[in-house]
Amino acid sequence: ILLDPNNFMAYPWTLVTVFFSQQIILHIFVNMVLVFLFGRPLEILTGGKHFFLIYFISGIIGSISIIVYAPFINWEGLIAGASASTFGLTSAYAELKPNEIVLKEKAKQWSIALFVSNLALMIINPSVSIGGFAHIFGILIGILYGKAIKKFI
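Residues numbered from 1 in each chain as written. Predicted model: local features only at pLDDT ≥ 70, side-chain atom pairs only at ≥ 80, totals over all residues. Heavy atoms only, no water.

> I'd like to hear about the packing of aromatic side chains, residue by residue, with values.
Following the criterion strictly, the structure yields 10 aromatic pairs and no others. Measuring from centroid to centroid gives 6.1 Å for Phe38 and Trp110, while their planes differ by 65 degrees, and the two rings are edge-to-face. Residue Phe38 is located in helix α2 (residues 25–46), and its partner Trp110 is located in helix α5 (residues 107–124); the two are separated by 72 residues in the primary sequence. On the basis of relative accessibility, which here comes to 0%, the residue Phe38 falls in the buried class. Each ring, one from Phe133 and one from Phe137, has its centre 5.2 Å from the other, and the planes form 65 degrees; the classification is edge-to-face. Note that Phe133 and Phe137 are positioned in helix α6 (residues 130–150) at a spacing of four residues, about one turn of the helix. (Phe/Tyr/Trp six-rings, centres within 6.5 Å; stacked < 30°, edge-to-face > 60°. Helix = DSSP H or I, 4+ residues; strand = E, 2+ residues; numbered from the N terminus. Buried < 20%, exposed > 50% of the residue type's maximum accessible area, 1.4 Å probe, protein only.)

> Would you mind going over the side chain of Ser85 in detail, with residue names and values included?
Note that Ser85 resides in helix α4 (residues 83–96). Here Ser85 is in contact with Phe19, Tyr55, Ser58 and Gly59, once residues within four sequence places are set aside. (Contact = heavy atoms within 4.5 Å.)

> Tell me about the side chain of Ser63, and please be specific about residues and values.
By secondary structure assignment, the location of Ser63 is in helix α3 (residues 48–69). What makes Ser63 buried here is its relative accessible area of 3%. Of the polar contacts made by the side chain of Ser63, one reaches the backbone oxygen of Leu15; its length is 2.8 Å. Residues in contact with Ser63, not counting those within four places in the same chain, are Leu3, Leu15, Val18 and Phe19. (Polar contact = N/O pair within 3.5 Å; in protein donor to acceptor, adjacent residues only side chain to side chain.)

> Tell me what's going on with the environment of Ile54, and back it up with residues and numbers.
Mapping Ile54 onto the fold places it in helix α3. Between the C-alpha atoms of Ile54 and Ser129, which are 75 residues apart in sequence, the distance is 23 Å. Non-local contacts of Ile54, meaning those with residues more than four positions away in its chain, are made with Leu42, Gly88, Leu89, Ala92 and Tyr145.

> Explain the layout of surface pockets to me, using residue names and the numbers behind them.
Empty space among the atoms becomes apparent when a probe as large as a water molecule is rolled across them. Of the volumes computed, that of the largest pocket is approximately 620 Å³. For the largest pocket, the lining is made up of 33 residues, of which His27, Ala80, Ile130, Gly131 and His135 are closest to its centre. If you list the elements that add at least two residues to the lining of the largest pocket, you get α2, α3, α4, α5 and α6. Top element by residues in the lining of the largest pocket is α6. It accounts for five residues. Residue classes in the lining of the largest pocket are distributed as 18 nonpolar, 15 polar and no charged. (1 Å grid on protein atoms, 1.4 Å probe; cavity = no way out; pocket = protein on both sides within 12 Å on 5 of 7 lines; lining within 4 Å. Points joined across faces, edges and corners; volume = space filled by probe spheres on them. Nonpolar A, V, L, I, M, F, W, Y, C, P; charged D, E, K, R; others polar.)

> An account of a nonpolar patch on the surface is needed here, citing residue identities and associated values.
A cluster of nonpolar side chains, contributed by Ile24, Leu26, Phe29 and Val30, occupies part of the molecular surface with about 390 Å² of accessible area. Here Ile24 lies in the loop between α1 (14–17) and α2. (Patch = residues over 30% accessible without salt bridge, like charges linked within 9 Å, V, L, I, M, F, W, Y side chains within 5 Å. Areas by Shrake-Rupley, 256 points an atom, 1.4 Å probe, with all protein chains shown as cover. Salt bridge = Lys/Arg side-chain N within 4 Å of Asp/Glu carboxyl O.)

> Can you break down α4 residue by residue, with the values?
Helix length check: α4 (14 residues) gives 20 Å between terminal C-alpha atoms against 20 Å at 1.5 Å per residue, within 8%. Burial of α4 is extensive: 14 of the 14 residues sit out of reach of the surface. (Expected span 1.5 Å × (residues − 1).)

> Give a description of the packing of α3 against α4 that names residues and reports values.
One way to put it is that α3 packs onto α4 with a least axis distance of 7 Å and a crossing angle of 130 degrees. In terms of their interaxial angle, α3 and α4 are classed as oblique. Every pair of crossing elements has a handedness; the one defined by α3 and α4 is right-handed. Seen from α3, the contacting residues are Phe51, Ile54, Tyr55, Ser58, Gly59 and Gly62; seen from α4, they are Ala84, Ser85, Thr86, Gly88, Leu89 and Ala92. (Axes fitted to C-alpha atoms, helices over the stretch in contact; angles between N-to-C directions. Parallel < 35°, antiparallel > 145°, perpendicular 65-115°, else oblique. Left-handed = near helix turned anticlockwise from the far one by under 90°.)

Put into structure tokens, the structure is as follows:
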């Protein structure tokens, strides 16, 4: 079920269900690729518990950030997407293995590219990029989580 940032109290479970949903084929594809390229190696490196926690925490913080951000841009409508969660996985892996080569680029460069491109989209057209705010927070949560567990890996 999709998240309605203006009426989420009526359906509080949508804070979680939103990061298991998609509406656009391109988003499904991008998120699947990111989970395959970064999530699977992250799970192998850290275990399923950390994989789940990064995905879940990034998603929840992403949902909360949308609720906070939506009124500032007068957003009306429902939100779908797992990108905050998958960007969290990507950035956590990049934090743990920054120099690991993924598709001919270092993992940290992928994380930086995701951050910069989403920040640029938010600045250029904030009313279109409602998810950009959630994406930024997903990336930051992934980095912080990666830093927190780095000494144990």
